Amino acid sequence: MHTNQWEVVIGLEIHTQLATKSKIFSGASTEYGAEPNTQACAVDLGFPGVLPVLNKEAVHKAVIFGMAIEAQIAPYSVFARKNYFYPDLPKGYQISQMDLPIVGVGHLDIEVDGETKRIGITRAHLEEDAGKSLHENFHGLSGIDLNRAGTPLLEIVSEPDMRSAKEAVAYMRKLHELVRYLEICDGNMQEGSFRCDANVSVRPKGQQAFGIRAEIKNINSFKFVEKAINHEIERQIELIESGGSVVQETRLYDSVKDETRSMRSKEEANDYRYFPDPDLLPVEIDEAFKAQVKAALPELPEAKKQRFKTYYQLDNESASMLTSSRALADYFEAVVKTSACEAKLCANWITGDLSAALNKADLDISESPVKATQLADLLVRISDNTISGKIAKKVFDTLWQQPNSSADDIIDAEGLKQITDTGAIEAIIDKIIAANLGQVEQYLSGKDKVFGFFVGQVMKEMQGKANPAEVNKMLLAKLKN
Amino acid sequence: MHNKTIKELADGLRSSEFSSVELTQYFLTRIQQHQHLNAYITVTEDLALQAAQVADERIASGNATLLTGIPIAQKDIFCTLGVKTSCGSKMLDNFIAPYNATVVEKLNHAGAVMLGKLNMDEFAMGSSNENSYYGVAKNPWNTTAVPGGSSGGSAVAVAAGLAVCATGTDTGGSIRQPAAFCGITGLKPTYGRVSRYGMIAYASSLDQGGPMTRSAEDAAIMLQAMAGFDEKDSTSVDHPVPDYSQGLNSSLVGLKIGLPTEFFGEGLSRNIATALDIAIKEYQCLGAEIINISMPTLTLAIPTYYVIASAECSSNLSRFDGVRFGYRCENPVDLADLYTRSRGEGFGREVKRRILMGTYALSAGYYDAYYLKAQKIRRLISDDFKNALSQVDVIMSPVTPTNAFGLGEKTADPVQMYLEDLYTIAINLAGLPAISIPAGLSADGEGSTPMPVGLQIIGNYFAEAKLLNIAHCYQQVTDWHRHMPNGFE
């Protein structure tokens, strides 16, 4: 493969929509999905004479993010105007940040193929979103919906630290997980709450200087990011190897055709004429505010994962999975706490049966019909030998169907209680041995495997309700005699 | 009636000597009679009479302010709910504002009766009112002379008695210069003292609304209603608003007045220098001490201003694109055509000139040399004022280098027009308050008409009360502010 001679360099710019109630510079609602232009006030429409007023909650959320990636928070940051004409940009400029962004240099650690890698974050800045241009169903004209205009965005710019599409996706996922953890962004990619632009270039392995990069705009799913980047890598390598050269340009990923195509070249790029917005004062953030935000910061995914590993003695995989969202981790801890069962048992059930059921029903953990206390009750019954693990799966399935019942109700109603009465078990064992003398002989002649056959027969006879440990013990004793 | 002060009129309303409806009708009739002055772009007769009726009821119920029932007018840069707000431009000739500017809201709240919207240079860009889409407003002292700009209509309306007082806005002298040319009192407050919300932006870091009146006493009353922090304007300052009328008539004994040599040298007409000399002597008689000072950066103010103001306006005026409101060209073939023709046809020459200058100053490769350099000089100018105001209480200077010039005299040469603002522009760059008061009537040559001369008093940040007192004291011992032009007495 020719790709072996090339090194890929990727940097991502991720636009996260901050989950504030109102817009970044006006009091209009940020609710998604309203009738076009019903959530745009005079400020969002850029009417003559209106002025922006900064939403403090957007600043707060940006600082939370900065703290979480251990970045420098600018004591003094400035809003600037990015000037360009477009019908869905009502003022003819976007209020953004240029020279002095609110969040400075930070980092995020990702894990790819078991290896941890630190990805640098150059900066994160606050800005307003534009509206939407709608080109269909307007008979040759374009429609404009300004509901989204003025929605607060935090643009997070990474260093060109990623070396494969896989790393880029890992970084994007990690960031996605983090902003949801911090509850600063709802992470809804379908609604555009989390969007990605990728800067991609290639260079011969060992070369220091970066190759010419292309920027792929507005990719809105993890799957597309990987595909779009891989396509772009291939395009660039083929181009160079066939004697051409990459030009600096903005490209658009077409998910239907699965290709990127040129939007505009560097020469066609706008001169945005950035300058400090005279309508807004610089944002000043003092140590006290930072301390306050830091104190209120939730436990971050990485720290939580480490804690799960050491405190609950979980393996890396379970710990990663359980800490992939704050709600899932909370669910796990609630189950452990309520049930007082072994953490590993709880983890196995949550990452196993529960996750499988949720995936199948396409539900989030927060929507699970089986609540943490219900699962805890079920696990208690496994631990105290009321039911076996196998029966527990059956109880769980019923519980999933009947979320208003409890594990105990189901065990009682269906008579699933495990039999620990040794007399009853002994009678069955005797019966099975008597009926299978041939197998007994095989066992006694050294074929240990046959032991499993006897266990299976006993359990079958007892409809799975016998305590397996007890069955083993007694069967062993009987066969030896 | 039209030469009475706000207090006299408020007394008349309270003692039922006349009603607000009668007073309003009186002014509406005068506006009608003096239409040729072209002071108003829109006269809101019905709204005015309705508001007057409400004001009369309020006065009767006893909870009126001094402004309740007083007929005033708004510069057409302030958005007025349901009323055309043109900003002197073809671009907004069809624009009915969907909300009230904070200043409008506050004056309405005080009970003032709005007679209509006043003429101005397009988007407040100009020093002669000749850049108005609606034609120039005429100086009542000499209708062949300009009234000054950009608040030309406001100055004409107040000088000719077509409103008791008016609002103006001042980005580089737009309140003070027309006030001087028309012989009235005009105050540009400290940047941030009066809300800019709803005041159509020209250069956001310089724009400031203020009162244009016939006396300092009236200006104090009007500023009282206009000033104050506004949460809708992040650049408005949360600083207590004092009682501006209370301090009037305080003694000026020991007041230190600084006279910058840079403002009294070359370029100043002899007749103005002479008039100001007499005015300053008057202050000495009131006990003030005169100190000559030097402010070397003042000469840099004009180029600095034209870079910063143009840069900001090039961005501020981008919203006028023919998409959502305002002028739209006929049958655009595509987006670029819609933009270029709507803006090309909707904006006047001076507006386009400044947009081009500002776009250039902000362009890649020029930003550092123009915009950034200008910001640095702006800082130096501020420091110069800070330094001067640590030595003296106030600074006095001319407002204009010459008497009101003739219509068409300077339209061919934009630089000559820009030089008109020599004495006013630096104050905006520093964000300081300054007041222009009538300080004489003087002809600039044999046979020419005597015209009003303005004196500028510049104070420290939020020193409006001090400036008003200094102006008021002068108006107690002189009567220049009481003179009305021939035919308008």
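Residues numbered from 1 in each chain as written. Chains lettered and ligands numbered in written order. Predicted model: local features only at pLDDT ≥ 70, side-chain atom pairs only at ≥ 80, totals over all residues. Heavy atoms only, no water.

### Side note on the overall build of chain A
So, point 1. On a plain count of helices and strands, chain A comes out with 15 helices and 15 strands.
So, point 2. Here the C-alpha atoms of chain A give a radius of gyration of 30 Å, more than 25% beyond the 23 Å that 2.2 N^0.38 yields for 481 residues.
So, point 3. Dimensions along the principal axes, computed over C-alpha positions, put chain A at roughly 95 × 55 × 55 Å.
So, point 4. The buried share among the 481 residues of chain A stands at 50%.
So, point 5. In chain A, the share of contacts with a sequence separation of at least 24, taken over all contacts with a separation of at least 6, comes to 68%.
So, point 6. Here chain A has roughly 23200 Å² of accessible surface; of this, 50% comes from carbon and sulfur atoms.
So, point 7. Across chain A, the mean location of the 55 positive side-chain charges is 3 Å away from that of the 70 negative side-chain charges. (Helix = DSSP H or I, 4+ residues; strand = E, 2+ residues; numbered from the N terminus. Rg over C-alpha atoms; globule rule 2.2 N^0.38 Å. Buried < 20%, exposed > 50% of the residue type's maximum accessible area, 1.4 Å probe, protein only. Contact = heavy atoms within 4.5 Å. Areas by Shrake-Rupley, 256 points an atom, 1.4 Å probe, with all protein chains shown as cover. Lys, Arg positive; Asp, Glu negative; His and termini not counted. Charge placed at Lys NZ, Arg CZ, Asp CG, Glu CD.)

### Quick look at the environment of I293 of chain B
All names here are of chain B.
So, point 1. Assignment of secondary structure puts I293 in strand β8 (residues 289–293).
So, point 2. A sequence separation of 99 residues divides I293 from V392, and the C-alpha atoms of the two residues are 9.0 Å apart.
So, point 3. Look past the residues within four positions of I293 in its chain and what remains in contact with it is G258, L259, P260, T261, E262, A388, Q391, V392 and I395.

### Considering the side chain of T44 of chain B
Residues and elements named next belong to chain B.
So, point 1. Relative to the helices and strands, T44 is located in the loop between β1 (40–43) and α3 (45–61).
So, point 2. In this structure T44 comes out as buried when scored by relative accessible area, which is 7%.
So, point 3. If we ignore the near neighbours within four places in the chain, the residues touching T44 are V83, M114, L115 and G116.

### Comments concerning the sheet that holds strand β13 (residues 259–265) of chain A
All names here are of chain A.
So, point 1. The sheet built from eight strands is open, its strands ordered β5-β6-β9-β1-β10-β11-β12-β13 with mixed pairing. If you trace the sheet from one side to the other, it starts and ends with β5 (106–112) and β13, each paired once. Taking the axes of each pair of neighbouring strands and ignoring which way they run, one obtains an average angle of 30° across the sheet.
So, point 2. Both strand β1 (residues 6–17) and strand β9 (residues 152–158) contribute to a ladder of five bridges, which runs antiparallel. Counterpart to I14 in the pairing with β9 is I156.
So, point 3. Of the strands in this sheet, β6 (115–128) and β9 are in contact with helix α1 (residues 56–68), which crosses β6 at around 165°.
So, point 4. Running at roughly 25° to strand β10 (residues 194–204), helix α3 (residues 222–241) makes contact with β1, β10, β11 (214–219), β12 (249–254) and β13 of the sheet. (Pairing = 2+ DSSP bridges. Axes fitted to C-alpha atoms, helices over the stretch in contact; angles between N-to-C directions.)

### Some points on the pairing of β10 of chain A
Residues and elements named next belong to chain A.
So, point 1. With ten of eleven residues buried, β10 lies mostly within the body of the structure.
So, point 2. Bridge analysis of β1 against β10 gives eleven bridges, and the strand direction is antiparallel. When the bridges of β10 are listed, E13 appears paired with D197.

### Comments concerning the domain arrangement of chain A
So, point 1. Partitioning chain A into structural domains gives domain 1 (2–290), domain 2 (299–413) and domain 3 (422–480).
So, point 2. Taken over C-alpha atoms, the centre of domain 1 of chain A sits 66 Å from the centre of domain 3 of chain A. (Domains from an automatic or database assignment.)

### Details of the interface of chain A and chain B
So, point 1. Opposite the 30 residues of chain A that make contact, chain B presents 39 residues.
So, point 2. Broken down residue by residue, the surface that chain A buries against chain B is led by P48, F85 and R273 of chain A, which jointly contribute 23%.
So, point 3. On the surface where chain A and chain B come into contact, there are one salt bridge.
So, point 4. We note a salt bridge from D279 of chain A to R196 of chain B, for which the minimum N-O separation is 3.0 Å.
So, point 5. Applying the counting criterion to the chain A and chain B interface returns 17 residue pairs in polar contact (both at pLDDT 80 or more).
So, point 6. Only β3 (80–83) and β14 (275–276) of chain A provide two or more residues apiece to the side of chain A that touches chain B.
So, point 7. In the side of chain A that touches chain B, the residues fall into 21 nonpolar, four polar and five charged. (Buried area = accessible area lost by both parts, 1.4 Å probe. Salt bridge = Lys/Arg side-chain N within 4 Å of Asp/Glu carboxyl O. Polar contact = N/O pair within 3.5 Å; in protein donor to acceptor, adjacent residues only side chain to side chain. Nonpolar A, V, L, I, M, F, W, Y, C, P; charged D, E, K, R; others polar.)

### A word on the pairing of β3 of chain A
Residue and element names in this part refer to chain A.
So, point 1. Burial along β3 is two-sided: A80 and K82 facing one way and R81 and N83 facing the other are all buried.
So, point 2. Relative to strand β4 (residues 93–96), β3 is paired through four bridges, and the arrangement is antiparallel. Counted as the bridge partner of N83 is Y93 from β4.
So, point 3. When β3 meets β14, the two strands line up antiparallel, connected through two bridges. Each residue of the ladder has a partner; that of A80, found in β14, is P276.

### Things to note about the pattern of salt bridges
So, point 1. Inspection of every chain in the model, using the stated rule, returns 44 salt bridges over all chains.
So, point 2. Of the charged contacts in the structure, one is a salt bridge between E215 of chain A and K217 of chain A, with a shortest N-O distance of 3.5 Å.
So, point 3. Here K84 of chain B and D93 of chain B are joined by a salt bridge, their closest N and O atoms 2.9 Å apart.
So, point 4. Judged by relative accessible area, which is 30%, D93 of chain B ranks as partly exposed.
So, point 5. If you follow the salt bridges from partner to partner, you end up with R81, D277 and D279 of chain A together with R196 and D233 of chain B in one network.

### A word on the packing of helix α12 (residues 422–435) of chain A against helix α14 (residues 450–461) of chain A
Residues and elements named next belong to chain A.
So, point 1. Two elements in contact, α12 and α14, have axes whose closest approach is 10 Å; the angle formed by their N-to-C orientations is 125°. For the element pair α12 / α14, the angle class is oblique. The crossing of α12 and α14 is right-handed. Of the residues in α14, those in contact with I428, I429, K431 and I432 of α12 are F454, Q457, V458 and E461. (Parallel < 35°, antiparallel > 145°, perpendicular 65-115°, else oblique. Left-handed = near helix turned anticlockwise from the far one by under 90°.)

### What about the nonpolar core?
Across soluble globular proteins, you tend to see nonpolar side chains buried next to one another.
So, point 1. Counting 147 residues, the largest nonpolar core has Y40, F123, Y283, F385 and I457 of chain B as the members making the most contacts within it.
So, point 2. Sequence-distant contacts of I457 of chain B, that is, excluding residues within four places in its chain, are made with Y283, V394, I395, M396, P433, A434, I435, I437, L467, I470 and A471 of chain B.
So, point 3. One finds F25, I95, L126 and I233 of chain A within the second-largest nonpolar core, a separate group that totals 66 residues. (Core = buried A, V, L, I, M, F, W, Y, C linked by side-chain atoms within 4.5 Å.)

### Considerations on a nonpolar patch on the surface
So, point 1. A surface patch of nonpolar side chains, about 270 Å² in accessible area, is lined by L134, F138 and L141 of chain A.
So, point 2. The residue L141 of chain A is located in the loop between β7 (132–134) and β8 (143–145) in this model. (Patch = residues over 30% accessible without salt bridge, like charges linked within 9 Å, V, L, I, M, F, W, Y side chains within 5 Å.)

### Digging into the packing of aromatic side chains
So, point 1. Going through the model one piece at a time under the given rule, you end up with 33 aromatic pairs over all chains.
So, point 2. For the pair F123 of chain B and F347 of chain B, a centre-to-centre distance of 5.8 Å together with 75° between the ring planes defines the contact as edge-to-face. With F123 of chain B in the loop between β3 (113–118) and α5 (152–159) and F347 of chain B in the loop between α10 (335–346) and α11 (349–362), this pair connects stretches of sequence that are 224 residues apart.
So, point 3. Owing to a relative accessible area of 1%, F123 of chain B belongs among the buried residues under this scheme.
So, point 4. An angle of 15° between the planes, with centres 5.4 Å apart, marks the rings of Y283 of chain B and Y474 of chain B as stacked. Here the residue Y283 of chain B occupies a position in helix α8 (residues 270–285), and Y474 of chain B occupies one in helix α15 (residues 464–477), the gap between them amounting to 191 residues.
So, point 5. Three or more aromatic residues joined by ring pairs make a cluster, and in this case those are F47 of chain A together with F95, F123, F320, F325 and F347 of chain B.
So, point 6. Lying over the aromatic face of Y272 of chain A, K82 of chain A brings its terminal NZ or CZ to 4.4 Å of the ring centre.
So, point 7. Positioned above the aromatic ring of W349 of chain A, the side-chain terminus of K393 of chain A is 5.5 Å from the ring centre. (Phe/Tyr/Trp six-rings, centres within 6.5 Å; stacked < 30°, edge-to-face > 60°. Lys NZ or Arg CZ within 6 Å of the ring centre and 35° of its normal.)

### Some points on the sheet that holds strand β7 (residues 256–260) of chain B
All names here are of chain B.
So, point 1. The strand order across the open sheet built from eleven strands is β1-β3-β2-β4-β6-β5-β10-β11-β9-β7-β8, with neighbouring strands paired in mixed fashion. In this open sheet, the two edge strands, each paired with only one partner strand, are β1 and β8. Direction aside, neighbouring strands of the sheet carry axes that sit 30° apart on average.
So, point 2. Where strand β5 (residues 185–188) meets strand β10 (residues 434–442), three bridges bridge the pair, whose relative direction is antiparallel. Bridge pairing links L187 to I435 in β10.
So, point 3. Helix α4 (residues 102–110) rests against β2 (71–75) and β4 (165–170) of the sheet, and its axis sits at about 175° to β2.
So, point 4. Taken strand by strand, α8 contacts β7, β8, β9 (394–398), β10 and β11 (451–458), and its axis lies near 50° from that of β11.

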